[in-house]
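# A closer look at the structure
Residues per chain, in single letters:
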Amino acid sequence: MEMKDSCSVILTAYHSYAPSRIHLVDEGYAPPRHSPCRKVQYQGIGLLGRMSSTGTRPSSHPSPPERPASRDSQDSMEDYWSEVKNIEEDGQRGHEDLLERGSMDEAELEEAWLQDAGLSTLVSGALGEGPAEALLSTLTRSQAAMVKKRVDNYTLTVRKRSKQPTRHVRDVFSTPNTSPVDPILPVPPKSPNGDMPSRCVHRTSSRVRPACPSFSQSTERRVSECPPCPPPQDTSDSLSFEVPYSEGVAAHRRGRQGDCKDCQRIRRDDHDLPTFQLPRPKLGLTRIQDLSCEDMKKIGYISLIELTTFYDGLGIELKRNRAARSKARENGIFGVPLTTLLENDQKKFPGSKVPLVFRKLLSKLEQTGLQTEGILRVPGSASRVKHLRQELEQKLYEDRFDWELVRHNDAAGLLKMFIRELPYPLLTLQHAPAFAAAQNISSPRQQIQALHLLIMLLPEPNRDTLKALLEFLRKVVAYEEKNRMGLWNVSMIVAPNLFTYRGKNAKQEEMQGAAGAAHLVRLLITHQDLLWTVPCFLISHVRKLNEAGASKKPPSSEKTKKKLLLMRRKTTEREKTERSELTDLRQGVIRVHAPQHAKISMAIQLDNETKAKDVMARFDYENGRGTRSTSRRPRQYLFEVGGNIGERSLDPETHLLDVYHVNPHCEWVLKPTTT
């Protein structure tokens, strides 16, 4: 009897390498670096990955048992590994031959970072050619310290590369070191929040001067005037857009983390996701599509600096990937870069922001597949999907493809195949390590903040395509009662297609990051409205950057002067007619221009309660909105143009008097949006 019990124990231990072992990974998802027990579990999974890579795979992907009525079970990664198995059987796991992970030395790493942050002139030495000087004058203390660390590290690396360091006499006649601390070694630099970091990624020396003298002068004056960081907010249902996220990390680390409700949530292994309400600032919410391309480019500069500072405050080493030269296709649909696809689409459909085939597949699924049980989970016929793919390649742009022949599961398979076969991942190879690092953040609030900054960094085609995908996935979850696809199920199935792992350690990395990747997809789906809203502190940065850049503009050329003179002549007559109307008006009066309305101009007195929707309603009333002739017009929005912003479409709830105080020299224009 004892022998039977002993065998039973042995068999149970053996089965821990099957799906039950994987179940432990997702129970109360928590990052590995915060739990010693979790680390042991991940090591076991890594062993499983190594075992399965040398032998057969079926033990890692068993046939799924009969499902219970509730499909949103969070104690299993069953759907994730079933999807991985389907991908491997299809033989379409990305283009490892087209995209490689290149190595970069310290100097190349820092130079690429400074270039993407709009600060390449700090290493080239050509000041005044870009936004570097203006951008540096707008940074916070923590952000300025991060930029200085990057510049110093670049300078040190270049010096070491060009000159072989001289060996010290202590290196020649080495003696055993018995003291616990070497007094000769330099003290590691402090992090921006004043704490001593456990690991210093970029070690700098106080004897090395920055590469750009103007950086140390202008920025130090700016940093000395930086106000103290505000206390962290403890409310679990609000996410402040007013204060840079990196400043919140510094305040959180200075406080008592044991009393933080946000950290307690993770330690309790609570399955419920936190809910964060969109803030309602008086300057109005600003979506990504509400800003001009020039302003969004500056948002990208600041977001990279802020993300690096944010990760540094959390003690996370932010790595970077570099793509090798790719032999990506220039024609066709599958395996073609997003930018190339959009260029081809825009020849036939001007203004396209999402690839045509992607929109068609989403539309097909939304029309007939949202109520299909197991949509996204149940794979279509491999031979049929292969045939449909060939048909799409040949007939899509000729309008000869018959979408009636596409079944629901086939459309889902084509959609996931399209994402996997992108030669450049949808989340970009460059920022893939930053997305992966977000899995190791303990606080759900800070995970969302990291994702928020990463969304701001994505190229426009990637960002628009990801947005279309997430909007569709939210609709799938909304029909859970019909399709039996809950939020967790959808996240597990999409994660292997969205988070691709390449290289010799791909299997091990995937096993370790499975639960974290699915959790990030869940956050992306749940908080997509928040993630596609530009934080107020980034817009404030852009305003300061535009003001600083305007004050340092070089003298205009003769061609520019002539152009401005012509524009001035055109507005002279209009100013004459308006001058008599404005002579007796008080401060706080704006003139709204509506070129497409019968009444093209209107002076409006602002008060504390005047909102953008009030001005829109007044123009509609004055121009007889509601009649047959006007009801066909596209809806028009109030825009803030010029001054310290390029162009911003105002949220209808925006308080105009607050915008007037922030940007008194802007123009107010009523017009339809371009999106």
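Since the structure is predicted, the reported quantities are computational estimates derived from the model, not experimental observations.

About the cut-offs
- Throughout, residues of each chain are indexed from 1 in the direction in which the sequence is written.
- This being a predicted model, a pLDDT of at least 70 is required before a residue's local features are given, and a value of 80 or more before pairs of side-chain atoms are given or counted; all residues contribute to the totals for chains, interfaces and linings.
- Side-chain figures throughout are based on the complete set of non-hydrogen atoms in the structure, without hydrogens or water.
- Put simply, DSSP H or I for four residues or longer makes a helix, DSSP E for two residues or longer makes a strand, and each gets a number counted from the N terminus.
- Think of it in three bands: with a 1.4 Å probe and only protein chains considered, a residue is buried below 20% of the maximum accessible area for its type, exposed above 50%, and partly exposed in between.
- Here, axes are lines fitted to C-alpha atoms. For helices the fit covers the stretch in contact, and angles between N-to-C directions go from 0 to 180 degrees.
- Roughly parallel refers to an angle under 35 degrees, roughly antiparallel to one over 145, roughly perpendicular to one between 65 and 115, and oblique to any angle outside these ranges.
- Left-handed is the label given to a crossing in which the near helix is rotated counterclockwise from the far helix by less than a right angle, and right-handed is the label when the rotation is clockwise.
- The contact rule is simple, with two residues in contact once any of their heavy atoms fall within 4.5 Å.
- Asp, Glu, Lys and Arg are counted as charged, while Ala, Val, Leu, Ile, Met, Phe, Trp, Tyr, Cys and Pro are counted as nonpolar; the rest, among them Gly, fall into the polar class.
- Side-chain atoms within 4.5 Å are what join buried Ala, Val, Leu, Ile, Met, Phe, Trp, Tyr and Cys residues into a set we call a nonpolar core.
- Any two strands with at least two DSSP-identified bridges between them are counted as paired.
- pLDDT expresses how confident the predictor is about each individual residue, on a scale running from 0 to 100.
- In protein, a polar contact requires one atom able to donate a hydrogen and another able to accept it; more generally it is a pair of N or O atoms within 3.5 Å, and residues adjacent in sequence count only if both atoms are side-chain atoms.
- Pairing of aromatic rings covers Phe, Tyr and Trp, the last counted by its six-membered ring, and requires centre-to-centre distances within 6.5 Å; plane angles under 30 degrees mean stacked, over 60 mean edge-to-face, and any other angle means tilted.
- Sitting over a ring, as applied to charges here, requires NZ of Lys or CZ of Arg to be within 6 Å of the ring centre and within 35 degrees of the ring normal.
- By convention in these notes, a salt bridge is any Lys or Arg side-chain nitrogen within 4 Å of a carboxyl oxygen on Asp or Glu.
- To estimate how far a helix should extend, the number of its residues minus one is multiplied by 1.5 Å.

Scanning the chain from terminus to terminus reveals 28 helices and seven strands. For the chain, buried positions account for 47% of its 675 residues.

Helix 22 (residues 487-498) packs onto helix 20 (residues 460-478) with a crossing angle of 150° between their chain directions and a minimal axis gap of 10 Å. The orientation of helix 20 with respect to helix 22, classified from their angle, is roughly antiparallel. Considering the relative orientation of helix 20 and helix 22, their crossing is right-handed. Between helix 20 and helix 22, the residues in contact are Leu466, Leu469, Leu473, Val476 and Val477 and Leu487, Val490, Val494 and Leu498, respectively. Grouping the amino acids of the contact of helix 20 with helix 22 by side-chain chemistry returns nine nonpolar, no polar and no charged.

A few words now on the nonpolar core. Residues Leu119, Tyr311 and Leu498 are the most contacted members of the largest nonpolar core, which totals 124 residues. The element that contributes the greatest number of residues to this core is helix 23 (residues 506-526), accounting for eleven residues. Not counting the four nearest positions on each side in its chain, Tyr311 is found in contact with Ile316, Leu318, Ala434, Ala437, Ala438, Ile441, Ala450 and Leu454. By size, the runner-up hydrophobic cluster in this structure holds 19 residues, among which are Met602, Leu606, Leu638 and Tyr660.

This part is about the sheet that holds strand 7 (residues 667-672). Spatially, five strands are ordered 4-3-7-5-6 in an open sheet, and the strand pairing comes out mixed. The sheet is open, and its two borders are formed by strand 4 (601-605) and strand 6 (645-649), each paired with just one other strand. If you compare each strand with its neighbour and ignore which way they point, the axes differ by 25° on average. Here five bridges tie strand 3 (residues 589-593) to strand 4, and the two strands are oriented antiparallel to one another.

This part takes up the confidence of the model for the chain. For residues with low pLDDT, the predicted coordinates do not support detailed interpretation. Looking at the chain as a whole, its pLDDT mean stands at 74, while 63% of the residues score no less than 70. Of all helices and strands in the chain, the one with the weakest mean pLDDT is helix 3 (residues 36-54) (35), whereas helix 20 scores best (97). Predicted confidence is poor over residues 1-29, with pLDDT under 50, and the contacts of this stretch with residues over four places away or in other chains come to 42 contacts. With pLDDT under 50 throughout, residues 171-236 is counted as low confidence; its partners more than four residues away or in other chains account for 86 contacts.

We now examine the environment of Thr533. With respect to the element layout, Thr533 can be found in the loop between helix 24 (528-531) and helix 25 (536-551). For the pair Thr533 and Leu285, spaced 248 residues apart in sequence, the C-alpha separation works out to 6.9 Å. A distance of 2.8 Å separates a polar atom in the side chain of Thr533 from the backbone oxygen of Asp529.

For the structure on display, the rule yields seven aromatic pairs. Ring centres of Phe310 and Tyr311 lie 6.2 Å apart, and the angle between their planes is 40°; on these two criteria the pair is classed as tilted. Between the aromatic rings of Phe358 and Phe418, the centroid separation amounts to 5.5 Å while the plane-to-plane angle is 45°, which identifies the pairing as tilted. Here Phe418 lies in helix 17 (residues 408-420) and Phe358 lies in helix 15 (residues 356-368), a separation of 60 residues in the sequence. Both residues of the pair, Phe358 and Phe418, belong to the buried class. Each member of the aromatic cluster is reached from another via a ring pair, and the members are Tyr245, Phe310, Tyr311 and Phe537. Looking at Lys671, its charged tip hangs above the ring of Phe639, at a distance of 4.8 Å from the centre.

Before going further, it helps to spend a moment on the pattern of salt bridges. This model, assessed by the stated rule, comprises 21 salt bridges. Asp410 serves as the salt-bridge partner of Arg384, at 2.5 Å between the closest nitrogen and oxygen. One end of the pair, Arg384, is in helix 16 (residues 382-395); the other, Asp410, is in helix 17, and 26 residues separate them in sequence. We classify Asp410 as buried; its relative accessible area is 0%.

Moving on, we come to the pairing of strand 5 (residues 636-642). Here six bridges tie strand 5 to strand 7, and the two strands are oriented antiparallel to one another. Residue pairing in the sheet places Phe639 in a bridge with Val669 of strand 7. Inspection of the sheet shows strand 5 paired to strand 6 by four bridges, in the antiparallel sense. Paired with Glu640 across the two strands is Arg648, which belongs to strand 6.

Interaxial distance between helix 4 (residues 78-90) and helix 22 falls to 8 Å at its minimum, and their mutual angle equals 35°. Read as a crossing pair, helix 4 and helix 22 show a hand that is right-handed. Two secondary-structure elements touch here, helix 4 through Glu78, Asp79, Tyr80, Glu83, Val84 and Ile87 and helix 22 through Asn489, Met492, Ile493, Ala495, Pro496 and Asn497.

Moving on, we come to unusual backbone geometry. Most of the time, phi is negative for any residue but glycine, and the peptide bond is trans. Residue Leu376 is not a glycine yet carries a positive backbone phi of 80°. Looking at the secondary structure, you find Leu376 in the loop between helix 15 and helix 16.

Turning to the environment of Leu638, a few remarks are in order. You can see Leu638 is positioned in strand 5. On the accessibility criterion, Leu638 (0% relative accessible area) is buried. The spacing of Leu638 and Met616 is 22 residues in sequence and 7.0 Å in space, taken between C-alpha atoms. Once residues within four sequence positions are removed from consideration, Leu638 is found in contact with Val592, Ala612, Val615, Met616, Arg648, Ser649, Leu650, Leu656, Trp668, Val669 and Leu670.

Here we take up the side chain of His519. Position of His519 among the secondary structure elements: in helix 23. Judged by relative accessible area, His519 falls into the buried class, the value being 7%. Side chain to side chain, His519 and Arg522 meet in a polar contact 3.0 Å long.

Moving on, we come to helix 19 (residues 444-457). Its 14 residues give helix 19 an end-to-end C-alpha distance of 20 Å, which sits within 8% of 20 Å, the value for a rise of 1.5 Å per residue. The residue sitting at the N-terminus of helix 19 and contributing the capping side-chain oxygen is Ser443; that oxygen lies 3.2 Å from the backbone nitrogen of Arg445.

This part takes up the environment of Met296. Among the structural elements, Met296 can be located in helix 13 (residues 293-313). Using a relative accessible area of 11% as the deciding quantity, one classes Met296 as buried. Residues Met296 and Val542 lie 246 residues apart in sequence; the distance between their C-alpha atoms is 8.9 Å. Once residues within four sequence positions are removed from consideration, Met296 is found in contact with Ile288, Leu291 and Arg463.

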